[in-house]
Amino acid sequence: MQPSKESESSDEDPMDDLDDLLDDDLAEGNSGTSSGGVAVGDGATDSDTTTAGDAASGEGRIGVSGRWFSAKAFALALAVVAVATFLVGAIPLVGGAIGSVGGVFVAAFVFGAISSSRRYVETGLAGALAGAGTAVTSVLGVGFLPIGLDYLGQWGPSLLAIGGGLGLAVALLGHYLGRDLRAGLTADLGA
């Protein structure tokens, strides 16, 4: 006699059950099936083998190629955001703080449109770092350096919080709109 699913889930963390459901949904979306997977043999489905294969390969939620946070995706997002922030900030009439915010938005939009999976955490973190870095460097670049350092000493944490928060919000909005564009372009047209 096999134990029921309810008795298994009461011993574990409730978030594990939610994670299992999300894994099943994600595996269904990747395989293109809507009935819970195709039978592979001995009662296992392709979603069961995908999950078991991920666990066997060492792929976790956080890591180099994690599901929740991927270091590779973060490095790519940070590079795209840094380059776009510099390029848009270098435009003569748009440069400065507005150009940097525009660069973060453009980079997050492009990253969301070209990435095959949702990477909000990585893009948001890259945008927050770019926003905070831009706030600090804009203060240091204005006027005489000792005055800028004094101002940064007094208002540094506030500048980091405001710049980081603005960068985070703009990056998340840009990534969302880029993902929305990708979904609209790749969706099937129904009659």
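Every chain's residues receive numbers from 1 upward, in the order its sequence appears when written. Residues qualify for local features only when their pLDDT is at least 70, as the model is predicted, and side-chain atom pairs are given and counted only at 80 or more; totals for whole chains, interfaces and linings, by contrast, use all residues. Heavy atoms throughout the structure, all of them, feed into the side-chain values; hydrogens and water do not.

Draft legend 1. Layout of the overall build of the protein chain. The helix and strand inventory of the protein chain stands at 7 helices and 4 strands. Strands here are runs of E lasting at least two residues and helices are runs of H or I lasting at least four, both read from the DSSP assignment and numbered beginning at the N terminus. From first element to last, N terminus to C terminus, the protein chain shows the α and β order α-α-β-β-α-β-β-α-α-α-α. For the protein chain, the proportion of its 191 residues judged to be buried stands at 28%. It only takes one pair of heavy atoms within 4.5 Å for two residues to be counted as in contact. Within the protein chain, counting contacts between residues at least 6 apart in sequence, those at least 24 apart form 64% of the total. All accessible-area figures derive from a Shrake-Rupley calculation using a 1.4 Å probe, and residue coverage is judged against the displayed protein chains alone. Put simply, the protein chain shows about 12,100 Å² of open surface, and 67% of that area lies on carbon and sulfur atoms. Burial classes: relative accessible area under 20% of the type maximum marks a residue as buried, over 50% as exposed, and values in between as partly exposed (1.4 Å probe, protein chains only).

Draft legend 2. Local environment of the environment of Leu-152. Assignment of secondary structure puts Leu-152 in helix α7 (residues 145–186). For the pair Leu-152 and Ala-135, spaced 17 residues apart in sequence, the C-alpha to C-alpha distance is 9.9 Å. Those residues within four positions of Leu-152 in sequence are excluded, and the remaining contacts are Val-136, Val-139, Leu-140 and Leu-159.

Draft legend 3. Local environment of the pattern of salt bridges. For salt bridges, the criterion is a side-chain nitrogen of Lys or Arg within 4 Å of an Asp or Glu carboxyl oxygen. As enumerated under the stated definition, the model contains 1 salt bridge in all. Ionic pairing is found between Arg-119 and Glu-122, a salt bridge with its closest N-O pair at 3.2 Å.

Draft legend 4. How the structure looks around the packing of aromatic side chains. Stacked, edge-to-face and tilted are the three classes for Phe, Tyr and Trp ring pairs, Trp counted by its six-membered ring, which pair at centre distances within 6.5 Å; planes under 30 degrees apart are stacked, over 60 edge-to-face, the rest tilted. Inspection of every chain in the model, using the stated rule, returns 2 aromatic pairs. With 5.8 Å between their ring centres and 40° between their planes, Phe-69 and Phe-74 make a pair best called tilted. Phe-69 gets classed as partly exposed once you look at its relative accessible area, which sits at 22%. Measuring from ring centre to ring centre gives 6.3 Å for Phe-105 and Phe-109, while their planes differ by 25°; the resulting arrangement is stacked. With Phe-105 and Phe-109 both in helix α5 (residues 97–114), this residue pair falls 4 residues apart, about one helical turn. Phe-105 gets classed as partly exposed once you look at its relative accessible area, which sits at 27%.

Draft legend 5. Spatial organisation of the nonpolar core. By nonpolar core is meant a set of buried Ala, Val, Leu, Ile, Met, Phe, Trp, Tyr and Cys residues that side-chain atoms within 4.5 Å join together. Counting 12 residues, the largest nonpolar core is built from Phe-74, Ala-77, Val-81, Ala-84, Val-104, Ala-107, Ala-108, Phe-111, Ala-126, Ala-130, Val-170 and Ala-171. Non-local contacts of Phe-111, meaning those with residues more than four positions away in its chain, are made with Ala-73, Leu-76, Ala-77, Arg-119, Thr-123 and His-175. Listed in part, the 5 residues of the second largest apolar core include Ala-135, Val-136, Val-139 and Leu-159.

Draft legend 6. Summary view of the packing of α5 against helix α6 (residues 120–140). Helix axes are fitted only over the stretch in contact, all axes being lines through C-alpha atoms; the angle between N-to-C directions runs from 0 to 180 degrees. Two elements in contact, α5 and α6, have axes whose closest approach is 10 Å; the angle formed by their N-to-C orientations is 165°. The angle between the axes of α5 and α6 places the two elements in the roughly antiparallel class. Between α5 and α6 lies a crossing of right-handed hand. Note on element contacts: α6 touches α5 through Thr-123, Gly-127, Ala-130 and Thr-134, opposite Ser-100, Val-104, Ala-108 and Phe-111. By definition in this entry, angles of less than 35 degrees are roughly parallel, angles greater than 145 are roughly antiparallel, angles of 65 to 115 are roughly perpendicular, and the rest are oblique. In this scheme the crossing of two helices becomes right-handed for a clockwise turn of the near helix relative to the far one and left-handed for an anticlockwise turn of less than a right angle.

Draft legend 7. Just a nonpolar patch on the surface, in detail. A patch consists of residues whose relative accessible area exceeds 30% and which take part in no salt bridge; residues with like charges are grouped when within 9 Å of each other, and nonpolar side chains (Val, Leu, Ile, Met, Phe, Trp, Tyr) when within 5 Å. On the surface, Ile-91, Leu-93, Val-94 and Ile-98 cluster together to form a nonpolar patch covering roughly 440 Å² of accessible area. Along the chain, Leu-93 turns up in the loop between α4 (71–89) and α5. When its relative accessible area of 85% is taken as the criterion, Leu-93 is described as exposed.

Draft legend 8. Structural context of α7. The span you would expect from a helix comes to 1.5 Å times its residue count less one. In a regular helix each residue adds 1.5 Å, so 42 residues correspond to 62 Å; α7 covers only 51 Å between its end C-alpha atoms and thus falls short of that length. Take the seven residues that end at a residue and the seven that start at it, fit an axis to each, and the angle between those axes is the bend at that residue. The largest bend along α7 reaches roughly 75° and is located at Trp-155, with the proline Pro-157 sitting one to four residues downstream.

Draft legend 9. Summary view of the side chain of Glu-122. Within the secondary structure layout, Glu-122 lies in helix α6. Polar contacts, as used here, are pairs of N or O atoms within 3.5 Å; protein pairs need one atom able to donate a hydrogen and one able to accept it. Residues neighboring in sequence count only if both atoms are side-chain atoms. Within the structure, the side chain of Glu-122 is placed 3.2 Å from the side chain of Arg-119, a separation counted as a polar contact. With residues up to four places along the chain from it excluded, the contact list for Glu-122 reads Trp-68, Phe-69, Ser-70, Ala-73, Phe-74 and Ala-77.

Draft legend 10. Representation of the packing of α4 against α5. Contact geometry for α4 and α5: axes closest at 7 Å, N-to-C directions at 140°. Relative to α5, the element α4 is oriented oblique. The hand of the α4/α5 crossing is right-handed. Where α4 approaches α5, its residues Ala-73, Leu-76, Ala-77, Val-80, Val-81, Ala-84, Thr-85, Val-88 and Gly-89 are matched on the opposing element by Gly-99, Ser-100, Gly-102, Gly-103, Val-104, Ala-107 and Phe-111. Any residue that is not Ala, Val, Leu, Ile, Met, Phe, Trp, Tyr, Cys, Pro, Asp, Glu, Lys or Arg is counted as polar, Gly included; the first ten are nonpolar and the last four charged. Grouping the amino acids of the contact of α4 with α5 by side-chain chemistry returns 10 nonpolar, 6 polar and no charged.

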